[in-house]
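Observations on the three-dimensional arrangement
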Amino acid sequence: MDRSEDLKQVRDLHLVRDERDREVEAAAGLRAGNAVVLVSQLLSAVCLLQDDPAWMALLSLTLVWGGVKGFWRFRQDQERLYLVWGLLTCAGAAALQGL
């Protein structure tokens, strides 16, 4: 067996990740992150209505998610705007936790 046949066999066995795998993983990560943010916002609203101070911690998850997305985009695109966005939203989350 030569190297090209080995590589084809490895691909056929799905041992090597291709671009489609990365796209599916990215889409799943986005959906999971959006679900976490939505649930944390709903729980935050419920806690706020009940005068429970946990609303700040739950709401800060939204800001942390925004920071993670900003840092991820900065890593991909190397644009400073995304880095600034990530830093600002994480600083907002830290300030909210400091209250």
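Look above for the structure.
Summary of the structure given here. Source: prediction; values computed, not measured. (Residues numbered from 1 in each chain as written. Predicted model: local features only at pLDDT ≥ 70, side-chain atom pairs only at ≥ 80, totals over all residues. Heavy atoms only, no water.)

**Some remarks on the overall build of the protein chain**
Helix and strand content of the protein chain: 4 helices and 0 strands. Within the protein chain, buried positions represent 16% of all 99 residues. Of all intrachain contacts in the protein chain linking residues separated by at least 6 positions in sequence, the fraction that spans at least 24 positions is 38%. (Helix = DSSP H or I, 4+ residues; strand = E, 2+ residues; numbered from the N terminus. Buried < 20%, exposed > 50% of the residue type's maximum accessible area, 1.4 Å probe, protein only. Contact = heavy atoms within 4.5 Å.)

**A short note on the layout of surface pockets**
To find leftover empty space, a probe the size of one water molecule is rolled over the atoms. By volume, the largest pocket is sized at about 380 Å³. Every residue lining the largest pocket is counted, 12 residues in all, and those nearest its centre are Ala26, Gly29, Leu30, Trp72 and Gln76. At the level of secondary structure, the elements contributing two or more residues to the lining of the largest pocket comprise helix 2 (19-49) and helix 3 (54-77). Top element by residues in the lining of the largest pocket is helix 3. It accounts for 6 residues. (1 Å grid on protein atoms, 1.4 Å probe; cavity = no way out; pocket = protein on both sides within 12 Å on 5 of 7 lines; lining within 4 Å. Points joined across faces, edges and corners; volume = space filled by probe spheres on them.)

**With respect to helix 4 (residues 80-98)**
Counting along an α-helix, one turn takes 3.6 residues, and residues three or four places apart therefore face a common direction. Here helix 4 is 19 residues long and its end C-alpha atoms lie 27 Å apart, about the 27 Å a rise of 1.5 Å per residue gives. Looking only at helix 4, the buried set comprises Gly86, Thr89, Ala93 and Leu96. Buried residues of helix 4, seen end-on, are gathered within an arc of 95° and therefore sit on one face of the element. Residues of helix 4 that are exposed and angled more than 90 degrees away from the buried face: Arg80, Leu88, Ala94 and Gly98. Against helix 3 lie the buried residues of helix 4. (Expected span 1.5 Å × (residues − 1). Arc of directions from axis to C-beta.)

**What about the pattern of salt bridges?**
Per the counting criterion, the structure on display carries 1 salt bridge. The partner of Arg73 in a salt bridge is Asp77, and the shortest N-O contact between them spans 3.3 Å. Of the two residues, Arg73 and Asp77 both sit in helix 3, 4 residues apart, roughly one turn of that helix. (Salt bridge = Lys/Arg side-chain N within 4 Å of Asp/Glu carboxyl O.)

**Structural notes on unusual backbone geometry**
One non-glycine residue, Asp51, adopts positive backbone phi at about 55°. Along the chain, Asp51 turns up in the loop between helix 2 and helix 3. Given the relative accessible area of 70%, Asp51 is considered exposed. Despite not being glycine, Gln78 shows a phi value in the positive range, around 60°. On the secondary structure map, Gln78 appears in the loop between helix 3 and helix 4.

**Quick look at the side chain of Thr89**
Residue placement: Thr89 occurs in helix 4. The residues touching Thr89, leaving out its near neighbours within four places in the chain, are Leu63, Gly66 and Gly67.

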